[in-house]
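# Observations on the three-dimensional arrangement
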Amino acid sequence: MAFIDEIKAKAKADKKTIVLPESMDKRTFAAAEQILKEGIANLIIIGTKEEIEANSEGYDITGATIVDPFNDPNKQKYIDKFVELRAKKGVTPEQAKEMMEKDYMYYACLMCKCGDADGAVSGACHSTGNTIRPALQLLKTKPGISSVSGFFLMEVPNCELGENGLFVFADCAVNPDVDSEKLAEIAKLSAESFETFVGKEAKVAMLSFSTKGSAKHDNVDKVANAVAIAHEKYPELTLDGELQLDAALVPEVGELKAPGSKVAGHANTLVFPSLEAGNIGYKLVQRLAKAGAYGPILQGLSLPVNDLSRGCYAEDIVGTVALTAVQAQNAAN
Ligand SMILES: CC(C)(COP(=O)(O)OP(=O)(O)OC[C@H]1O[C@@H](n2cnc3c(N)ncnc32)[C@H](O)[C@@H]1OP(=O)(O)O)[C@@H](O)C(=O)NCCC(=O)NCCS
Ligand SMILES: CC(=O)OP(=O)(O)O
């Protein structure tokens, strides 16, 4: 069974409620029809009557709950929660109401926070910054985690590398400035994400343009320091670096450049040294190798709220909703 079909089967076994705030985009409704038909999740779609009518034509979304953000009996509860969560920032009820009406992602996050939804997926027509800022502000990180990061579950067709073509790539979405401490934390979270979704041991490669000191530069030191921190803080991880991509993935090259490494040649979890590398890297594999790219899934956030690429297809939204539902199942257990 294809990886994403296994995730869908898991999601169906214990159905969660996922909120989709992008009623201004037709792909939301194409995805919603498929999610409802396959029974992957219960859905809440946020939108006015006009937005729903304009964009849902031709799609059967019977069974979805529609919440009009201008006419919702629960709205005051969400405003109160917003004000409570942002008390230190001095947000007033009027400002909270305005932000929720202008940007439905705030509404979606508050539904999750108040327990009216188990997770949210957005980002088909909003940039990543605008999609995740409400989640970072209102939901915050899990206890003990300093930074949220974003990974893609990559499913590369006809590929025997990684876990038969399955990989976690991170951080591809969130942190423009990563230091060694952050990279080490991203490695830990990415290993957990791989093991949660793929069910196999994560082998984490800390990527660079150097393998084991073959190049000298501050950027190489940043990754080598991250490896040292990760070994110290998370000794249970199977992790190595710094490694070039070929040394991480290809057994013969791994043996040549990093002999004796448990990871080199067998990596399935790739931690990129910068957001540039991660974001460009996942798009290269998605577009040139025609890989499935599900995400960015946020790791380290207190509740399952996930982003999409604006270049996504309805099918990608379906996959990301299924992954979000499985995250919600894990959070509940
Ligand atoms: C994530 C991002 C939106 C946050 O930055 P910002 O909009 O400038 O906002 P701020 O830095 O003021 O942060 C807003 C809140 O989020 C928190 N935050 C920012 N980055 C965070 C992170 N990685 N983890 C957890 N919290 C974070 C801040 O502490 C702040 O909290 P506060 O309002 O309670 O004080 C920004 O770093 C960004 O745009 N990243 C790149 C996204 C992108 O374009 N990716 C490529 C395409 S996928
Ligand atoms: C994840 C990502 O790159 O998102 P977008 O394509 O929307 O910028």
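By the naming in an unreviewed UniProt entry, the protein goes by Phosphate acetyltransferase and is assigned to Lachnospira multipara. Within the UniProt record for the protein, the comment given under Sequence similarities (unreviewed entry) is "Belongs to the phosphate acetyltransferase and butyryltransferase family." Per UniProt, the protein carries the Catalytic activity (unreviewed entry) text "acetyl-CoA + phosphate = acetyl phosphate + CoA".

The number of helices and strands found in the protein is 14 helices and 11 strands. Each principal axis of the C-alpha atoms in the protein carries an extent, and together these give about 65 × 45 × 35 Å. Considering the protein as a whole, with its 333 residues, one finds that 54% of them fall into the buried category. Taking as baseline every contact in the protein between residues at least 6 positions apart, the subset at least 24 positions apart corresponds to 72%. Across the protein, the centroid of the 35 positively charged side chains sits 2 Å from that of the 46 negatively charged ones.

You can see Asn306 is positioned in strand β11 (residues 305-306). Only 2.8 Å separates the side chain of Asn306 from the side chain of Gln327, close enough to count as a polar contact. The residues touching Asn306, leaving out its near neighbours within four places in the chain, are Ala120, Val121, Ser122, Pro296, Ile297, Leu298, Thr320, Thr324 and Gln327.

Turning our attention to the sheet that holds strand β6 (residues 166-170). One open sheet accounts for six strands, arranged β8-β7-β9-β6-β5-β10; its pairing is mixed. Lying at the two open borders of the sheet, with one neighbouring strand each, are β8 (238-243) and β10 (292-299). With strand direction ignored, the average angle separating the axes of adjacent strands in the sheet is 20 degrees. As judged from the three bridges shared by β6 and strand β9 (residues 269-271), these two strands associate in the parallel manner. Bridging from a neighbouring strand, Ala170 pairs with Val271 of β9. Contacts from helix α13 (residues 275-288) reach β5 (149-155), β6 and β10, with the element oriented near 20 degrees to β5.

All chains considered together, the criterion is met by zero disulfides. No disulfide involves Cys112; its nearest neighbouring cysteine sulfur is the one of Cys109, lying 6.3 Å away. The exposure class assigned to Cys112 is buried, which follows from its relative accessible area of 5%.

Let's shift gears to the nonpolar core. By size, the foremost hydrophobic cluster in this structure holds 58 residues, and its most contacted members are Phe3, Leu153, Met206 and Leu323. Ignoring anything within four residues of it in the chain, the contact list for Leu153 reads Phe3, Phe167, Val168, Phe197, Val198, Gly292, Ala293, Tyr294 and Leu323.

Turning to the sheet that holds strand β3 (residues 65-67), a few remarks are in order. Taken in spatial order, the five strands line up as β3-β2-β1-β4-β11 in an open sheet, and their pairing is parallel. The sheet is open, and its two edges are formed by β3 and β11, each paired on a single side. With three bridges joining them, strand β2 (residues 42-46) and β3 adopt parallel strand pairing. Its bridge partner being in β3, Ile46 is matched across the sheet by Val67. Lying on the sheet, helix α2 (residues 26-38) is in contact with β1 (17-20) and β2; it crosses β2 at an angle near 160 degrees.

This part covers the site of ligand 2. If you check the shell around ligand 2, you find Thr128, Phe152, Asn279, Tyr282, Lys283, Pro296, Ser309 and Arg310 and nothing else. At 3.5 Å from an oxygen atom of ligand 2 is found a side-chain nitrogen or oxygen belonging to Thr128. Between ligand 2 and Ser309, the relevant distance is 2.7 Å, taken from an oxygen atom to a side-chain nitrogen or oxygen of the residue. Within the complex, the protein chains bury 88% of what would otherwise be the 260 Å² of accessible surface of ligand 2. With three residues, the top contributor of residues to the shell around ligand 2 is α13. Split into classes, the residues belonging to the shell around ligand 2 amount to three nonpolar, three polar and two charged.

Okay, the pattern of salt bridges next. Per the stated rule, a full pass over the model turns up 15 salt bridges. Between Asp25 and Arg27 there is a salt bridge, and its shortest N-O distance comes to 2.8 Å. Lys188 is the partner of Glu236 in a salt bridge, and the nearest nitrogen-oxygen pair spans 2.9 Å. With a gap of 48 residues between them, Glu236 in the loop between α10 (218-233) and β8 and Lys188 in helix α9 (residues 180-198) connect regions that are remote in the sequence. Shared partners join several salt bridges into a network, and the residues in it are Lys8, Glu38 and Glu315.

Attention shifts here to the confidence of the model for the protein. Keep in mind that low pLDDT regions are not for reading the predicted coordinates in detail. With 100% of its residues at a pLDDT of 70 or more, the protein shows a mean pLDDT of 97. Here the complex is predicted with pTM 0.95, and the ipTM for its interfaces comes to 0.96.

The next subject is the site of ligand 1. For ligand 1, the set of nearby residues contains 18 residues, the closest of which are Arg86, Arg133, Lys140, Val148 and Ala173. Arg86 has a polar side-chain atom sitting 2.8 Å from an oxygen atom of ligand 1. Val148 is positioned such that a nitrogen or oxygen atom in its backbone is 2.8 Å from a nitrogen atom of ligand 1. Computed on the free molecule, ligand 1 has an accessible area of 930 Å², of which 62% lies beneath the protein chains in the complex. By residue number, the principal contributor to the shell around ligand 1 is helix α7 (residues 128-138), which donates six residues. Across the shell around ligand 1, the residue classes break down as seven nonpolar, seven polar and four charged.

The rules behind the values
- Residues numbered from 1 in each chain as written.
- Chains lettered and ligands numbered in written order.
- Predicted model: local features only at pLDDT ≥ 70, side-chain atom pairs only at ≥ 80, totals over all residues.
- Heavy atoms only, no water.
- UniProt positions renumbered as here; feature names shortened; annotations may be inferred.
- Helix = DSSP H or I, 4+ residues; strand = E, 2+ residues; numbered from the N terminus.
- Buried < 20%, exposed > 50% of the residue type's maximum accessible area, 1.4 Å probe, protein only.
- Contact = heavy atoms within 4.5 Å.
- Lys, Arg positive; Asp, Glu negative; His and termini not counted.
- Charge placed at Lys NZ, Arg CZ, Asp CG, Glu CD.
- Polar contact = N/O pair within 3.5 Å; in protein donor to acceptor, adjacent residues only side chain to side chain.
- Pairing = 2+ DSSP bridges.
- Axes fitted to C-alpha atoms, helices over the stretch in contact; angles between N-to-C directions.
- Disulfide = S-S within 2.5 Å.
- Core = buried A, V, L, I, M, F, W, Y, C linked by side-chain atoms within 4.5 Å.
- Near = heavy atom within 4 Å.
- Areas by Shrake-Rupley, 256 points an atom, 1.4 Å probe, with all protein chains shown as cover.
- Nonpolar A, V, L, I, M, F, W, Y, C, P; charged D, E, K, R; others polar.
- Salt bridge = Lys/Arg side-chain N within 4 Å of Asp/Glu carboxyl O.
- pLDDT = per-residue confidence, 0-100.

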